[in-house]
Amino acid sequence: NDLKSYLQAKAPSVIGQIPEVEGMHKDGSMIPLDMTLVEFSIDGANYFTGIVRDVSLRKHQEQQEKEHLEELAHVTRLCLIGEIGSGIAHEVNQPLTAIANYTQACLRFIGADKTDLDQLGEILFKIHQQALKAGQIIHRMKDFVSTRKKYRTDTDINALVEDAVSLCATDFKQNNICLELDLAK
């Protein structure tokens with residue numbers, strides 16, 4: 001009886017469409033149903049035929065697929081975090097190694113009979129630069145993984161290329177790679 005009144009009230013708006021409705025199973029539980037309503041004429045009389053399908057199995061499969069995709073996305077995020085962590089460790093290790101080496105040189109200069117303050121100042125400046133570089137690497141990695149709104153802005157493409165190259169500068173040096181940039185103004 002409820003189906004008949006629903007069809008009479010909704011027939012014009014649902015003809016040819018497949019709306020999803022909820023139906024009550026004989027055990028009292030609610031189940032999702034797809035309902036198709038078709039209008040036809042026989043001998044000048046209009047008739048409606050309704051087809052109702054239980055889609056609970058399909059809904060259950062869709063839910064399982066959604067959960068599987070969420071698990072897959074989680075595993076992918078964990079893998080990315082591992083790769084990013086490895087990248088951070090590799091990139092930050094280079095300036096930290098340089099800082100340790102420069103610091104050791106400073107200690108040798110301080111322990112020498114006659115300390116060259118100009119040379120000591122140059123080494124301390126290099127230590128400062130390497131510490132800033134390590135901080136910049138961490139800041140860039142943090143920016144990379146943070147979720148932010150995307151926006152457009154003008155930027156100096158040459159500066160971006162130089163920043164990207166600076167991340168690999170130590171690798172280039174260690175592998176005797178000479179890099180030449182030919183950038184437009």
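See above for the structure.
Described in the following lines is the structure provided in the data block. Not measured: the values here are computed from a predicted model.

**Things to note about the overall build of the protein**
In terms of regular secondary structure, the protein is built from 4 helices and 3 strands. Along the protein, from the amino end to the carboxyl end, the secondary structure elements read α-β-β-β-α-α-α. Taking as baseline every contact in the protein between residues at least 6 positions apart, the subset at least 24 positions apart corresponds to 38%. Surface exposure of the protein reaches about 15,000 Å², of which carbon and sulfur atoms provide 56%.

**Quick notes on a nonpolar patch on the surface**
On the surface, Val 38, Phe 40, Ile 42 and Tyr 47 cluster together to form a nonpolar patch covering roughly 340 Å² of accessible area. Counting residues per element, the nonpolar patch draws most heavily on strand S2 (residues 30-42), at 3 residues. With respect to the secondary-structure elements, Tyr 47 resides in strand S3 (residues 45-54).

**A look at the pairing of S2**
Bridge count for strand S1 (residues 20-24) against S2 is 5 bridges, and the pairing is antiparallel. When the bridges of S2 are listed, Gly 23 appears paired with Ile 31. Where S1 hands over to S2, the hairpin turn is made up of 5 residues, of which Gly 28 adopts a positive phi near 95°. One ladder, built from 10 bridges, connects S2 with S3; its direction is antiparallel. Bridge assignment links Phe 40 to a residue of S3, and that residue is Tyr 47. Between S2 and S3, which follow one another and run antiparallel, lie 2 residues, and Asp 43 among them has a positive phi close to 50°.

**Concerning the sheet that holds S2**
The strand order S1-S2-S3 describes an open sheet built from 3 strands, whose pairing is antiparallel. Here the strands that pair on one side only, and so sit at the sheet edges, are S1 and S3. Taken pair by pair, the neighbouring strands of this sheet meet at an average axis angle of 45°, ignoring direction. Taken strand by strand, helix H2 (residues 56-111) contacts S1, S2 and S3, and its axis lies near 130° from that of S2.

**So, the packing of H2 against helix H4 (residues 157-174)**
Packing of H2 against H4 brings their axes to within 11 Å, and their N-to-C directions diverge by 70°. Judged by the angle between their axes, H2 and H4 are roughly perpendicular. Along this stretch, H2 crosses H4, giving a crossing that reads as left-handed. In this structure, H2 contributes His 90, Glu 91 and Gln 94 to the contact, and H4 contributes Leu 167, Thr 170 and Asp 171. Each residue belonging to the contact of H2 with H4 can be placed in one class, and the counts come to 1 nonpolar, 3 polar and 2 charged.

Thresholds, definitions, all that
What you see as residue numbers is a count from 1 along each chain, following the sequence as written. Where local features are concerned, this predicted model is filtered to residues with pLDDT of at least 70; where side-chain atom pairs are given and counted, the filter is 80 or more; whole-chain, interface and lining totals use all residues. Based on all heavy atoms of the structure, the side-chain values leave hydrogens and waters out of the count. Strands are runs of DSSP state E lasting at least 2 residues, helices are runs of H or I lasting at least 4, and numbering of each runs from the N terminus. The contact rule is simple, with two residues in contact once any of their heavy atoms fall within 4.5 Å. Note on areas: these come from Shrake-Rupley sampling with a 1.4 Å probe, and a residue is covered only by the protein chains present in the view. Here, patches come from residues exposed beyond 30% relative accessible area and free of salt bridges, joined within 9 Å for like charges and within 5 Å for nonpolar side chains (Val, Leu, Ile, Met, Phe, Trp, Tyr). Salt bridge, as used here, is a side-chain nitrogen of Lys or Arg placed within 4 Å of a carboxyl oxygen of Asp or Glu. Paired strands, in this sense, are two strands between which DSSP finds at least two bridges. The axes are straight lines fitted to the C-alpha atoms, using for helices just the contacting stretch, and the angles between their N-to-C directions are given from 0 to 180°. Just so you know how the angles are binned, under 35 degrees is roughly parallel, over 145 roughly antiparallel, 65 to 115 roughly perpendicular, and the rest oblique. Handedness of a crossing is defined here by the sense of rotation of the near helix relative to the far one, left-handed for an anticlockwise turn of less than a right angle and right-handed for a clockwise turn. Gly is placed with the polar residues, together with every amino acid not listed as nonpolar (Ala, Val, Leu, Ile, Met, Phe, Trp, Tyr, Cys and Pro) or charged (Asp, Glu, Lys and Arg).

Note that all results are geometric; they support no functional claim without further evidence.
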